[in-house]
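# A closer look at the structure
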Amino acid sequence: MISARADVVGSLLRPPYLLEARERRAAGELSAADFKRVEDRAVDEALALQERVGLSVVTDGEMRRESFQSQLVEATEGFGPHTLDAYLWGEWHGDERVGDKRTERPQNLGVVGKLRRVRNLSVEEFVYARARTDRTIKVTLPSPSLYASFWSPEVSREAYPTLDEFLEDVARLLREEVEELVRLGATYIQLDAPHYPLLLDPKTRAFYEARGWDLDRWLTRGVELDNHVIGDHPGVTFAFHLCRGNQGSRWLVSGSYEPLARRIFGGINAGRLMLEYDDKRSGTFEPLRHLPEDRTAVLGLVTTKNPRRETVEELEARIREAARYVPLERLAISPQCGFATSVIGNALTPEDEEHKLRVVIETAEKVWGRV
């Protein structure tokens, strides 16, 4: 099983040439083949960056995605028309550099037909990266119940009368993707589940409960669907990422993991919990006491939201603090989230990004003697 002390969550900053190519492709000015070559270059550079800083676990940077959760929608028929705002809506909070931002949920957003896969979600990402690095490749997939925002009582009932029926179909597609990735040799797969911490906010929770599930059902049926996706794959490590929103250096909610920890930490069949702990918004480390003895907490101590230069000394001190609740041998360190969970990206430079990855490595070497 994966035992890396230095980990990554998923996305890296998209280079400007890739963003420009996306726009040209959308405008019909760039062929599919030429666009793929641009994507390939960006992935090559992402892998080279992670190897250069010394990571033993790498991702393709999610360079081929519009958003960390977009690949299901892009690979499947049945979703209605949508824009990038389908993944960005909400009341976002930022510091003095970026400010707050409100993005309305698209009015007609929703699944409109039975889901039918037209291609794989992430197989291309894995197969391409596998041929270009000898490091362990982490493949990120979305948690099925994250797509509750794509089910609408107004536009979806003809295709899926209930939220349950829709999410069961989503989970089926994601489980099939996991099975194919494992068949092709993937050994490290992560489910991204930021919607669970969003339930900490009463206003956001009201939206999700209006889909038909109360909080208790989110923490039971939601986790059941996650475990269905994970399945049973000896020799494959699964991670589960829980953050509080990350777009354009902004966040959605604040609050401790405590109300969720017992049900999720103990209920999810993932060996590694990727947890956001980059500032006071995340609360204390006390909820880690709910972590089962066969799980590792990967502490997201290095922020991807701003260019602040963390030091090894401060990060080591925080790890020692967390070790009051979980032994050091069951802890690891990572950035708190991706650097660009959509094409928008966070307000950092590539130099900031590289520094933050390096300090993750340096801290792991200082605390555990290895990465």
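Please refer to the structure higher up on the page.
Residues numbered from 1 in each chain as written. Predicted model: local features only at pLDDT ≥ 70, side-chain atom pairs only at ≥ 80, totals over all residues. Heavy atoms only, no water.

## Some thoughts on the sheet that holds strand β8 (residues 237–242)
This is how it is decided: We call two strands paired when DSSP finds no fewer than two bridges between them. Secondary structure is summarised from DSSP: a helix means a run of H or I of at least four residues, a strand means a run of E of at least two, and numbering begins at the N terminus for each.
Sheet architecture is open: 7 strands sit in the order β1-β6-β7-β8-β9-β10-β11, paired in parallel fashion. Edge positions in the open sheet fall to β1 (57–58) and β11 (331–335), since each of these has one partner strand only. The pairing of β8 with strand β9 (residues 272–276) spans 4 bridges and is parallel. Within β9, the residue paired with L242 across the bridge is L275.

## What to know about the packing of helix α2 (residues 32–53) against helix α5 (residues 123–130)
Each pair of packed helices can be described by the angle between their axes along with the distance between the axes. Note the cut-off: In this analysis, axes come from line fits to C-alpha atoms, helices being fitted only over the stretch in contact, and the angle between any two N-to-C directions falls in the range 0 to 180 degrees. Between 65 and 115 degrees an angle is taken as roughly perpendicular, under 35 as roughly parallel, over 145 as roughly antiparallel, and anywhere else as oblique. Helix crossings are classified by the rotation of the near helix relative to the far one: an anticlockwise turn of less than a right angle makes the crossing left-handed, while a clockwise turn makes it right-handed. Note on contacts: a residue pair is in contact if any heavy atoms of the two residues lie within 4.5 Å. Charged residues are taken to be Asp, Glu, Lys and Arg, nonpolar residues to be Ala, Val, Leu, Ile, Met, Phe, Trp, Tyr, Cys and Pro, and polar residues to be all remaining types, Gly included.
Interaxial distance between α2 and α5 falls to 11 Å at its minimum, and their mutual angle equals 60°. Classified by the angle their axes make, α2 and α5 are oblique. The two elements α2 and α5 meet at a crossing, and its hand is right-handed. Of the residues in α5, those in contact with K36, D40, V43, D44 and L47 of α2 are E124, Y128 and A129. For the contact of α2 with α5, the class distribution of residues is 4 nonpolar, no polar and 4 charged.

## Focus: the pattern of salt bridges
What counts, and what does not: When a carboxyl oxygen of Asp or Glu lies within 4 Å of a side-chain nitrogen of Lys or Arg, that pair is called a salt bridge. Whether a residue is buried, partly exposed or exposed follows from its accessible area with a 1.4 Å probe, protein chains only, as a fraction of its type maximum: under 20%, in between, or over 50%, in that order.
Applying the stated criterion to the full structure yields 45 salt bridges. Among the ionic pairs, R117 bridges to E176, the shortest N-O distance being 3.0 Å. Taken together, the positions of R117 in strand β5 (residues 111–117) and E176 in helix α6 (residues 163–183) put the pair 59 residues apart, joining distant regions of the chain. We classify R117 as partly exposed; its relative accessible area is 22%. Classification of E176 as partly exposed rests on a relative accessible area of 32%. For R172, the salt bridge identified is with D169, shortest N-O distance 2.8 Å. Of the two residues, R172 and D169 both sit in helix α6, 3 residues apart, roughly one turn of that helix. Classification of R172 as partly exposed rests on a relative accessible area of 32%. Accessibility expressed as a relative area gives 15% for D169, which makes it buried. Linked by salt bridges that have partners in common, R244, E276, D278, D279, R281 and K305 make up one network.

## Focus on the packing of helix α9 (residues 215–230) against helix α10 (residues 258–267)
The geometry of α9 relative to α10 is characterised by a closest axis approach of 10 Å and an angle of 20° between their N-to-C directions. It follows from the interaxial angle that α9 and α10 lie roughly parallel. Between α9 and α10 the crossing geometry is right-handed. Residues D216, L219, T220, V223 and N227 of α9 pack against P259, L260, R263, I264 and G267 of α10. In terms of residue class, the contact of α9 with α10 is made up of 5 nonpolar, 3 polar and 2 charged.

## A look at the environment of E51
Mapped onto the secondary structure, E51 falls in helix α2. With 82 residues separating them along the chain, E51 and T133 place their C-alpha atoms 8.4 Å apart. Those residues in contact with E51 that sit more than four places away from it in its chain are R132, T133, D134 and R135.

## Some details on the pairing of β9
Selection criterion: Handedness of a crossover: with both strands directed away from the viewer, a clockwise path from the first strand across the helix to the second marks it as right-handed.
Counting buried positions along β9 yields 5 of 5 residues, so the element is predominantly enclosed. By the alternation rule, side chains of β9 split into R272, M274 and E276 and L273 and L275, which are all buried. Each parallel crossover has a hand, and the one from β8 via α10 to β9 is right-handed. As paired elements, β9 and strand β10 (residues 296–302) share 5 bridges and run parallel to each other. Following the sheet pairing, M274 is matched in β10 by V298.

Function cannot be read off these values alone, since they describe shape.
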